[in-house]
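# Inside the fold
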Amino acid sequence: MISGKTCLVGLLGQPVNHSLSPVIQNAALKEMGLDWCYLAMPCVSEHLGQITKALREINCKGLNITIPHKQNALNVCKYVTPMAKSLGAVNTLVPNKEGGWSGMNTDVEGFLAPLKDKKLDGAKAIVLGSGGSARAVIAGLQTLNLNQVLIVGRKRNKLKEFILEFSKKSLQINNDPTYLKGLLQDSEELIEEIKEADLIVNTTPVGMSASRTSTIITSEIPIEKKIWQHLQPNSILYDLIYTPRPTAWLTLGAQKGCQQIDGLEMLIQQGAASLKLWSNNDQVPIDVMRAAAKAHLRA
Ligand code: NAP
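Residues numbered from 1 in each chain as written. Predicted model: local features only at pLDDT ≥ 70, side-chain atom pairs only at ≥ 80, totals over all residues. Heavy atoms only, no water.

## Side note on the packing of aromatic side chains
Throughout the structure, instances matching the rule amount to 4 aromatic pairs. Relative to Trp278, the ring of Tyr38 lies with its centre 6.2 Å away and its plane at 40 degrees, an arrangement referred to as tilted. Linking Tyr38 in strand S2 (residues 36-42) with Trp278 in helix H9 (residues 264-279), this pair joins segments that are 240 residues apart in sequence. Accessibility classification places Tyr38 together with Trp278 in one group, the buried group. Plain terms: the ring middles of Phe162 and Phe166 are 5.2 Å apart, the flat faces sit at 45 degrees to each other, and that makes the pair tilted. With Phe162 and Phe166 both in helix H6 (residues 156-168) and 4 residues apart, the pair spans about one turn of that helix. Relative accessible area serves as the criterion here: at 0%, Phe166 is assigned to the buried category. (Phe/Tyr/Trp six-rings, centres within 6.5 Å; stacked < 30°, edge-to-face > 60°. Helix = DSSP H or I, 4+ residues; strand = E, 2+ residues; numbered from the N terminus. Buried < 20%, exposed > 50% of the residue type's maximum accessible area, 1.4 Å probe, protein only.)

Structure representation (structure tokens):
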């Protein structure tokens, strides 16, 4: 029940109307008995500074930041955690005592959560795509004791810049020059890499659709369908996409006997990590958040 005492938390981005975060967060707030309400608020880039400032003035308890503001959000924060700074991306704003916002990034924690029980020591990983979410994915992979991280992109220059930037950053915790590599998606070498991969993460939007069908439509498979005939059953496929569930790529992986992880758990875990920061409470009801998300996606 919204009353005169209810406080605001929410999401800023553009667009935000398809976001699952209000469903997940409001379910958790209810369970925790917090008199807060989480709203998805559309915000264009030019207004990010004004809107975050105004929300801080009206005692907003916390914000999530999504596309296209994760990078610009660094500029509205008085303090930014080292992880968010080196990623160059903020997805969570927490009010600080000086009346401003502190910027954090919970995407890395969210990405890693479903991999906790996987044996990846000395493993080889492939990351498809080199955009915003690939940064959090690679930062997360670098905390695991992997043997190699291969980034697959479609544009030579962009890929080169991306690898160079990562190699320079303090996030590069493994100094072996063969550890972080880049490969174009039409390279012949990719076949051998796929055969040897223990973990393949799709960070491209290829396969994302509002439709719930999980039939294999060639245009919805990253790179091209035929390259995936080289998949080995011991590979784990991790798709950051969660609509549809499963994606066409994960359906193809299941047919090959691969383990599959979709993006829903990452979304829930990064949201849970944000809520822990806002509420200063480590006991957030992740099961309730997960159930609310699944029920919403089924509805
Ligand atoms: P982004 O910054 O736009 O990056 C997308 C990357 O995919 C870019 O490297 C882009 O390549 C590449 N790409 C796009 N279309 C492609 C195509 N047809 N073939 C090959 N590569 C293609 O997007 P993002 O923020 O990283 O998001 C990517 C996906 O992850 C989205 O589906 C998003 O919903 C999902 N995601 C999920 C979560 C979660 O919590 N589960 C969190 C974040 C993102 P170029 O650079 O060459 O254009």
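## A closer look at the sheet that holds strand S12 (residues 259-261)
The strand order S9-S8-S7-S10-S11-S12 describes an open sheet built from 6 strands, whose pairing is parallel. The two strands at the open ends of the sheet, each matched to only one other strand, are strand S9 (180-184) and S12. Across this sheet, the average inter-strand angle for adjacent strands is 20 degrees, counted without regard to direction. By the bridge criterion, 4 bridges tie strand S10 (residues 199-202) to strand S11 (residues 236-239) in an arrangement that is parallel. Looking at the pairing, Val201 lines up with Tyr238 of S11. Across the sheet, helix H8 (residues 248-255) touches strand S7 (124-128), S10, S11 and S12, and the angle it forms with S11 is around 170 degrees. (Pairing = 2+ DSSP bridges. Axes fitted to C-alpha atoms, helices over the stretch in contact; angles between N-to-C directions. Contact = heavy atoms within 4.5 Å.)

## Observations regarding the sheet that holds strand S3 (residues 62-65)
Reading across the sheet, the 6 strands line up as S2-S1-S3-S5-S6-S4 and stay open at both edges, with mixed pairing between neighbours. With one partner strand each, in any of the chains shown, S2 and strand S4 (79-80) form the two edges of the open sheet. Pairing between strand S1 (residues 7-13) and S3: 4 bridges, direction parallel. Across the sheet, Leu11 pairs through a bridge with Asn64, a residue of S3. The sheet contacts of helix H1 (residues 21-32) involve S1, S2 and S3, and relative to S2 the element is tilted by about 170 degrees. Contacting S1, S2, S3, strand S5 (92-95) and strand S6 (101-104), helix H2 (residues 48-57) crosses the sheet at an angle of about 170 degrees to S1.

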